[in-house]
Protein chains: 2
Amino acid sequence: MAEEVQNGAGADNGSKAAAVVFAAVKPWLVVEAPKGNDAVQFYKAAFGAEEVSRVNHPKRKAEQELPLVLSAELKLGSSTIVVSDLTDDDSAPVKSAVTGSVFCLETEDVEAAVAKAVAAGAVSEGEISEGEGACCGGRVGKVKDPYGNVWLICSPSKKCGDVAA
Amino acid sequence: MAEEVQNGAGADNGSKAAAVVFAAVKPWLVVEAPKGNDAVQFYKAAFGAEEVSRVNHPKRKAEQELPLVLSAELKLGSSTIVVSDLTDDDSAPVKSAVTGSVFCLETEDVEAAVAKAVAAGAVSEGEISEGEGACCGGRVGKVKDPYGNVWLICSPSKKCGDVAA
């Protein structure tokens, strides 16, 4: 488990935290590298998902033929899911997650949302930082709920184009 | 792993399967019993989720004070998440899942959707059956994708009221 950080906005921020609004939940499916692209193809074939955007892992482009997926955003009905290869690179927003699913919550006020979750019993993991890739176009905080689920609390994602090599 | 069933609608159903449409993805959070109610309260407090409906486990009402949650449906932004206590009762739609998350996909044509997923490489688990509770108001099929994630493919859920004891 990463170091626990009680963000400064904690206890004295109740009134602000009460106004936290989330847009939606985005399930994030982290698969063992380099199967991320296979997984994207599978969700297209199996469930008719549409790929909205993809960010490949920048360091791998020159190293190997198959670039690793940092995050691929797929539309599935009215929902969005995100698929990533699991890597231990610093730029990966889910680097400390085991393979499994992570839930993204987008909100305009990341600090207040993290503070509210921590006040309710979640554990903040790491510091709020600048994210990268789908679901994490801006600032991102990470909390683990008391039941073992990881929630990324992000500012709304930028509408990035497909930057695949 | 449950027995694998290649549903009869498989290979010869490509044209029908191509029309499969899903409404949305509902993440299903399965927590160790009897913490389901705690988890619901946590998601309300931490993320402002609104409880839309709840179905308690019918057998437990007389046995113990705290009824187990068969499924509680929570609205979180434009998304819906479902929370359940993990039980091994036959009526639980996720009885063979380990604690973790399951993704629900609602569609009008469960058979075609399962067939399409299996044709794409998913493994069908168990037979399509009548479900119960949120996300599974009607027929439900279950497939595991090649990356270990469980997807419940359900006919649209009934709008059931709160039947808690």
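As the structure is a computational prediction, the values presented were derived from the model and not from experiment.

## Re the relation of the copies chain A and chain B
Consideration 1: Superposing chain A onto chain B requires a rotation of 180 degrees together with a translation of 0.0 Å along the rotation axis, leaving an RMSD of 0.0 Å. Taken together, the rotation and translation describe the operation of a two-fold axis.
Consideration 2: Of the interface residues in chain A, 100% have counterparts in chain B that sit at the interface too, so the contact is made through matching surfaces.

## Notes on the interface of chain A and chain B
Consideration 1: Opposite the 36 residues of chain A that make contact, chain B presents 36 residues.
Consideration 2: The contact between chain A and chain B buries some 2,900 Å² in all, and 72% of this surface belongs to carbon and sulfur atoms.
Consideration 3: Scanning the region where chain A abuts chain B turns up 0 salt bridges.
Consideration 4: Here chain A and chain B share 12 residue pairs in polar contact (both at pLDDT 80 or more) between them.
Consideration 5: For the side of chain A that touches chain B, the secondary-structure elements that each account for two or more residues are strand 1 (25-32), helix 2 (36-47), strand 4 (79-86), strand 5 (100-106), helix 3 (110-119) and strand 9 (150-154) of chain A.
Consideration 6: At 7 residues, helix 2 of chain A tops the list of elements feeding residues into the side of chain A that touches chain B.
Consideration 7: Taken together, the residues of the side of chain A that touches chain B sort by class into 25 nonpolar, 7 polar and 4 charged.

## Some thoughts on the nonpolar core
Consideration 1: Within the largest apolar cluster, 64 residues are counted, with the highest numbers of intra-cluster contacts made by Tyr43, Phe47 and Trp151 of chain A together with Tyr43, Phe47 and Trp151 of chain B.
Consideration 2: Apart from the residues within four sequence positions on either side, Phe47 of chain B is in contact with Phe22, Leu105, Ala117, Val143, Trp151 and Ile153 of chain A together with Phe42 and Leu76 of chain B.

## Structural notes on helix 2 of chain A
Residue and element names in this part refer to chain A.
Consideration 1: For helix 2, built from 12 residues, the straight-helix expectation of 16 Å at 1.5 Å per residue is met to within 8% by its first-to-last C-alpha distance of 16 Å.
Consideration 2: Turning to helix 2, its buried residues number three or more, namely Gly36, Asn37, Ala39, Val40, Phe42, Tyr43, Ala46 and Phe47.
Consideration 3: Remark: Gly48 follows helix 2 within two positions and exhibits a positive phi of approximately 70 degrees.

## A word on unusual backbone geometry
Trans is the common state for peptide bonds, and a negative phi is the common state for residues other than glycine.
Consideration 1: Cis geometry is found at the peptide bond from Ala33 of chain A to Pro34 of chain A, where omega equals 0 degrees.
Consideration 2: Among the secondary structure elements, Pro34 of chain A is positioned in the loop between strand 1 and helix 2.

## Considerations on the packing of aromatic side chains
Consideration 1: According to the stated counting rule, one finds 18 aromatic pairs over all chains in the structure shown.
Consideration 2: Relative to Phe47 of chain B, the ring of Phe22 of chain A has its centre 6.0 Å away and its plane inclined at 80 degrees; by these criteria the two rings are edge-to-face. Pair noted here: Phe22 of chain A is in the loop between helix 1 (14-17) and strand 1 and Phe47 of chain B is in helix 2 (residues 36-47), and the two residues belong to different chains. Of the two residues, Phe22 of chain A and Phe47 of chain B, neither departs from the other in class, the shared state being buried.
Consideration 3: When the ring of Tyr43 of chain A is compared with that of Phe47 of chain A, the centres are 6.1 Å apart and the planes differ by 15 degrees; the resulting orientation is stacked.

## Considerations on helix 3 of chain A
Consideration 1: Helix 3 of chain A sits mainly inside the fold: 8 of its 10 residues count as buried.
Consideration 2: Just beyond helix 3 of chain A, the residue with positive phi is Gly121 of chain A, at close to 120 degrees.

The rules behind each value
Here the residue index of a chain counts from 1 through its sequence in written order. Following the order in which they are written, the chains are lettered starting with A and the ligands numbered starting with 1. Confidence filtering applies because this is a predicted model: local features only for residues at pLDDT of at least 70, side-chain atom pairs given and counted only at 80 or more, and all residues used for totals across whole chains, interfaces and linings. Side-chain measures here rest on the full set of heavy atoms in the structure, leaving out hydrogens and waters. C-alpha atoms of residues with pLDDT of at least 70 in both copies form the basis for the least-squares superposition of the copies. Whether two residues are in contact is decided by their heavy atoms: any pair within 4.5 Å suffices. When two components associate, each loses some accessible surface as probed by a 1.4 Å sphere; the sum of these losses over both components is called the buried area. Here a salt bridge means any side-chain nitrogen of Lys or Arg lying within 4 Å of a carboxyl oxygen belonging to Asp or Glu. By the criterion applied in these results, polar contacts are pairs of N or O atoms within 3.5 Å in which, for protein atoms, one can donate a hydrogen and the other can accept it, and in which residues neighboring in sequence qualify only through two side-chain atoms. Runs of H or I in DSSP of at least four residues are treated as helices and runs of E of at least two as strands, each being numbered from the N terminus. Amino acids outside the nonpolar list (Ala, Val, Leu, Ile, Met, Phe, Trp, Tyr, Cys, Pro) and the charged list (Asp, Glu, Lys, Arg) are all regarded as polar, and Gly is one of them. The set of buried Ala, Val, Leu, Ile, Met, Phe, Trp, Tyr and Cys residues whose side-chain atoms join them within 4.5 Å is what this entry labels a nonpolar core. Exposure is judged per residue with a 1.4 Å probe applied to protein chains only, and the accessible area is read against the type maximum: over 50% gives exposed, under 20% gives buried, and values in between give partly exposed. For a helix, the expected span equals 1.5 Å multiplied by the number of residues minus one. Between rings of Phe, Tyr and Trp, where Trp is taken as its six-membered ring, a pair exists when centres lie within 6.5 Å; planes separated by under 30 degrees are stacked, by over 60 edge-to-face, and by other angles tilted.

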